[in-house]
Amino acid sequence: GDSVTQMEGPVTLSEEAFLTINCTYTATGYPSLFWYVQYPGEGLQLLLKATKADDKGSNKGFEATYRKETTSFHLEKGSVQVSDSAVYFCALSDRMDSSYKLIFGSGTRLLVRP
Amino acid sequence: GAVVSQHPSWVICKSGTSVKIECRSLDFQATTMFWYRQFPKQSLMLMATSNEGSKATYEQGVEKDKFLINHASLTLSTLTVTSAHPEDSSFYICSPLVFRVSGGLSYNEQFFGPGTRLTVL
């Protein structure tokens, strides 16, 4: 079945450092790919998404490019802030699946220190 | 974005009791609701999918008689953990699916509640 694998955390960075969180996927259909962020004490929020190969999703300085050839959707940010500290989830949804289910990776905790 | 509330945000109960978790869509209507559970440092696992006015569809391995889901209206869904045991202790999250139309295009967007932490003693 479909699955998502993302790097284990926690990832600890200093403020203004470059961030990469790796995400790879396995899907039999034509997935849409997502990054969700969960701030402490809050629900998951959609950070960005891409619906087809070579699409780039971006939001709040974060970017991720849908790479079909490497089945990857790595999250990047050029300069992280303390406020970016959160748990990040990579997810996919098979567009051929009418149930709209999201399949999540295990999450990566990011801690940004001043 | 859409506002989703869950109540209670946390609950502690004795083994053998039942606990009801409410999920409300505050400024939109959702015909489909997903319920997830999340174990510490693990991903969200889909438990069931419910459509307003019909029975929920449970994922493999999830006991439908233990986790009762009611989606009686477009703004309220409930999850009842019956005869709870310590192994049911987890973080439960509701997620409504909203149908949207923008710029002539239609699409579905999924939102998430803040979660309910259940601890069964």
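(A) Region of the structure containing the overall build of chain A. Counting its regular elements, chain A contains zero helices and 12 strands. Put simply, chain A runs from its N terminus to its C terminus through helices and strands in the order β-β-β-β-β-β-β-β-β-β-β-β. The C-alpha atoms of chain A give 14 Å as radius of gyration, which agrees with the globular expectation for 114 residues (13 Å, within 12%). Seen along its three principal axes, the alpha-carbon backbone of chain A occupies a region of about 45 × 30 × 20 Å. Looking at the 114 residues of chain A, the share that counts as buried comes to 44%. By sequence separation, contacts in chain A at least 24 residues apart represent 57% of the contacts at least 6 residues apart. Put simply, chain A shows about 5700 Å² of open surface, and 48% of that area lies on carbon and sulfur atoms. Here chain A carries 11 positive and 13 negative side-chain charges, and the mean point of each set is 3 Å from the other.

(B) Summary view of the overall build of chain B. Along the backbone of chain B there are zero helices and 11 strands. The order of helices and strands in chain B, counted from the N terminus, is β-β-β-β-β-β-β-β-β-β-β. Relative to the compact-globule value of 14 Å for 121 residues, chain B shows a C-alpha radius of gyration of 14 Å, a close match. Overall, the C-alpha framework of chain B stretches about 50 × 25 × 25 Å when taken along its three principal axes. For chain B, with 121 residues in total, the buried portion stands at 46%. The long-range share in chain B, meaning contacts at least 24 apart out of those at least 6 apart in sequence, stands at 56%.

(C) Quick look at the side chain of Asp84 of chain A. Residue and element names in this part refer to chain A. Relative to the helices and strands, Asp84 resides in the loop between strand E9 (75-77) and strand E10 (86-94). A polar side-chain atom of Asp84 sits 2.8 Å from a polar atom in the side chain of Lys77. Apart from residues no more than four positions distant in its own chain, Asp84 is found in contact with Phe62, Lys77, Leu110 and Val112.

(D) Local environment of the interface of chain B and chain A. Contact residues are listed per partner, giving 17 residues for chain B and 14 residues for chain A. Between chain B and chain A, the buried area comes to about 1200 Å², and carbon and sulfur atoms account for 57% of it. The largest per-residue losses of area from chain B upon contact with chain A belong to Ser43, Leu44 and Phe112 of chain B, which jointly make up 33% of the total buried on that side. Linking chain B to chain A there are one salt bridge. The partner of Lys101 of chain A in a salt bridge is Glu59 of chain B, with the nearest N and O atoms 3.0 Å apart.

(E) Structural view of the pattern of salt bridges. What the rule picks out here adds up to six salt bridges over all chains. The closest approach of N and O atoms between Lys52 of chain A and Asp55 of chain A, which form a salt bridge, is 3.4 Å. The residue Lys66 of chain B makes a salt bridge to Asp88 of chain B at a minimum N-O spacing of 2.9 Å. With Lys66 of chain B in the loop between strand E6 (57-58) and strand E7 (67-73) and Asp88 of chain B in the loop between strand E8 (76-81) and strand E9 (90-102), this pair connects stretches of sequence that are 22 residues apart. On the accessibility criterion, Lys66 of chain B (11% relative accessible area) is buried.

(F) Examining the packing of aromatic side chains more closely. One pass over the structure, following the stated rule, counts 12 aromatic pairs over all chains. Relative to Tyr36 of chain B, the ring of Phe34 of chain B lies with its centre 6.5 Å away and its plane at 45°, an arrangement referred to as tilted. Since its relative accessible area comes to 0%, Phe34 of chain B is described here as buried. For Tyr36 of chain B, a relative accessible area of 0% puts it in the buried group. Each member of the aromatic cluster is reached from another via a ring pair, and the members are Phe34, Tyr36, Phe89 and Phe104 of chain A together with Phe34, Tyr36 and Phe112 of chain B.

About the thresholds
Residues numbered from 1 in each chain as written. Chains lettered and ligands numbered in written order. Predicted model: local features only at pLDDT ≥ 70, side-chain atom pairs only at ≥ 80, totals over all residues. Heavy atoms only, no water. Helix = DSSP H or I, 4+ residues; strand = E, 2+ residues; numbered from the N terminus. Rg over C-alpha atoms; globule rule 2.2 N^0.38 Å. Buried < 20%, exposed > 50% of the residue type's maximum accessible area, 1.4 Å probe, protein only. Contact = heavy atoms within 4.5 Å. Areas by Shrake-Rupley, 256 points an atom, 1.4 Å probe, with all protein chains shown as cover. Lys, Arg positive; Asp, Glu negative; His and termini not counted. Charge placed at Lys NZ, Arg CZ, Asp CG, Glu CD. Polar contact = N/O pair within 3.5 Å; in protein donor to acceptor, adjacent residues only side chain to side chain. Buried area = accessible area lost by both parts, 1.4 Å probe. Salt bridge = Lys/Arg side-chain N within 4 Å of Asp/Glu carboxyl O. Phe/Tyr/Trp six-rings, centres within 6.5 Å; stacked < 30°, edge-to-face > 60°.

Note that all results are geometric; they support no functional claim without further evidence.
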